[in-house]
Amino acid sequence: LEQYFSETSIPGQLSLFQMYLRSIEPEIWTLLEEEEVSFNDWAMSWIQWLLSREMALENVLRLWDYYFANPDGFKLHIFVCLGTFFSLLIDHSS
């Protein structure tokens, strides 16, 4: 974990999250910008705390087990955050 955060800064991960979101869903990106939604209010926490505040403990343990068991496991985290965002978006729009 220490190695992951020493190699990858949290602001850098937040920038990647924003870049991928802007590329994948430009309409959602535009809406978030128009509504002046700050990524620091929620996405920063997702990245910094590895979703431990947003998920049930059982799910966090499964996710972290993968992260720690695989040499590049933490590189997946930004995509897990994107998947979580899109899942919440779908749940909210239903």
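Residues numbered from 1 in each chain as written. Predicted model: local features only at pLDDT ≥ 70, side-chain atom pairs only at ≥ 80, totals over all residues. Heavy atoms only, no water.

Enquirer: Even after reading the chapter, I still don't get helix α2 (residues 10–24), so can you show me in this structure?
Expert: Count 3.6 residues to each turn of an α-helix, and residues three or four apart come out pointing the same way. Across its 15 residues, α2 extends 21 Å between first and last C-alpha, which sits within 8% of the 21 Å expected from 1.5 Å per residue. Restricting attention to buried positions, one finds in α2 the residues Ile10, Gln13, Leu14, Phe17, Gln18 and Leu21. Along the axis of α2, the buried positions cluster into a sector of 140°, meaning they face one direction only. Those residues of α2 that are exposed and aimed more than 90 degrees away from the buried face are Pro11 and Ser23. (Helix = DSSP H or I, 4+ residues; strand = E, 2+ residues; numbered from the N terminus. Expected span 1.5 Å × (residues − 1). Buried < 20%, exposed > 50% of the residue type's maximum accessible area, 1.4 Å probe, protein only. Arc of directions from axis to C-beta.)

Enquirer: What is the right way to read the layout of surface pockets from this model?
Expert: Remark: the empty space left among the atoms is shown by a probe the size of a water molecule rolled over them. Of the pockets and cavities examined, the second largest pocket occupies roughly 180 Å³. If you go around the second largest pocket, the residues you meet are Leu32, Trp42, Trp46, Phe85, Leu88, Leu89, His92 and Ser93. A total of five residues in the lining of the second largest pocket trace back to one element, the largest contributor, which is helix α6 (residues 77–93). Of the residues assigned to the lining of the second largest pocket, the class counts are six nonpolar, two polar and no charged. (1 Å grid on protein atoms, 1.4 Å probe; cavity = no way out; pocket = protein on both sides within 12 Å on 5 of 7 lines; lining within 4 Å. Points joined across faces, edges and corners; volume = space filled by probe spheres on them. Nonpolar A, V, L, I, M, F, W, Y, C, P; charged D, E, K, R; others polar.)

Enquirer: I tried to follow the packing of α2 against helix α3 (residues 26–34) on my own but got confused; where do I start?
Expert: For any two helices packed against each other, the geometry is given by the interaxial angle and the distance between the axes. Packing of α2 against α3 leaves a shortest axis separation of 5 Å and a crossing angle of 120°. Between α2 and α3, the crossing angle belongs to the class labelled oblique. Two secondary-structure elements touch here, α2 through Gln18, Leu21, Arg22, Ser23 and Ile24 and α3 through Pro26, Trp29 and Leu32. Taken together, the residues that form the contact of α2 with α3 break down as five nonpolar, two polar and one charged. (Axes fitted to C-alpha atoms, helices over the stretch in contact; angles between N-to-C directions. Parallel < 35°, antiparallel > 145°, perpendicular 65-115°, else oblique. Contact = heavy atoms within 4.5 Å.)

Enquirer: Got a minute to help me understand α6 in this structure?
Expert: Between its first and last C-alpha atoms α6 spans 24 Å; for 17 residues at 1.5 Å apiece the expected length is 24 Å, and the two agree. Turning to α6, its buried residues are His77, Ile78, Val80, Cys81, Leu82, Thr84, Phe85 and Phe86.

Enquirer: Please clarify how a nonpolar patch on the surface should be interpreted in this entry.
Expert: A contiguous nonpolar patch, built from Tyr66, Leu76 and Phe79 and spanning about 280 Å² of accessible area, is present on the exposed surface. Looking at Phe79, the relative accessible area reads 43%, which means it is partly exposed. (Patch = residues over 30% accessible without salt bridge, like charges linked within 9 Å, V, L, I, M, F, W, Y side chains within 5 Å. Areas by Shrake-Rupley, 256 points an atom, 1.4 Å probe, with all protein chains shown as cover. Salt bridge = Lys/Arg side-chain N within 4 Å of Asp/Glu carboxyl O.)

Enquirer: Help me understand the packing of α2 against α6, please; the structure alone is not making it clear to me.
Expert: α6 packs onto α2 with a crossing angle of 50° between their chain directions and a minimal axis gap of 10 Å. By the criterion of interaxial angle, the relationship of α2 to α6 is oblique. The chirality of how α2 crosses α6 is right-handed. For the pair α2 and α6, the contacting residues are Gln13, Leu16, Phe17, Tyr20, Leu21 and Ile24 in the first and Ile78, Phe79, Cys81, Leu82, Phe85 and Phe86 in the second. Class assignment of the residues belonging to the contact of α2 with α6 gives a composition of 11 nonpolar, one polar and no charged. (Left-handed = near helix turned anticlockwise from the far one by under 90°.)

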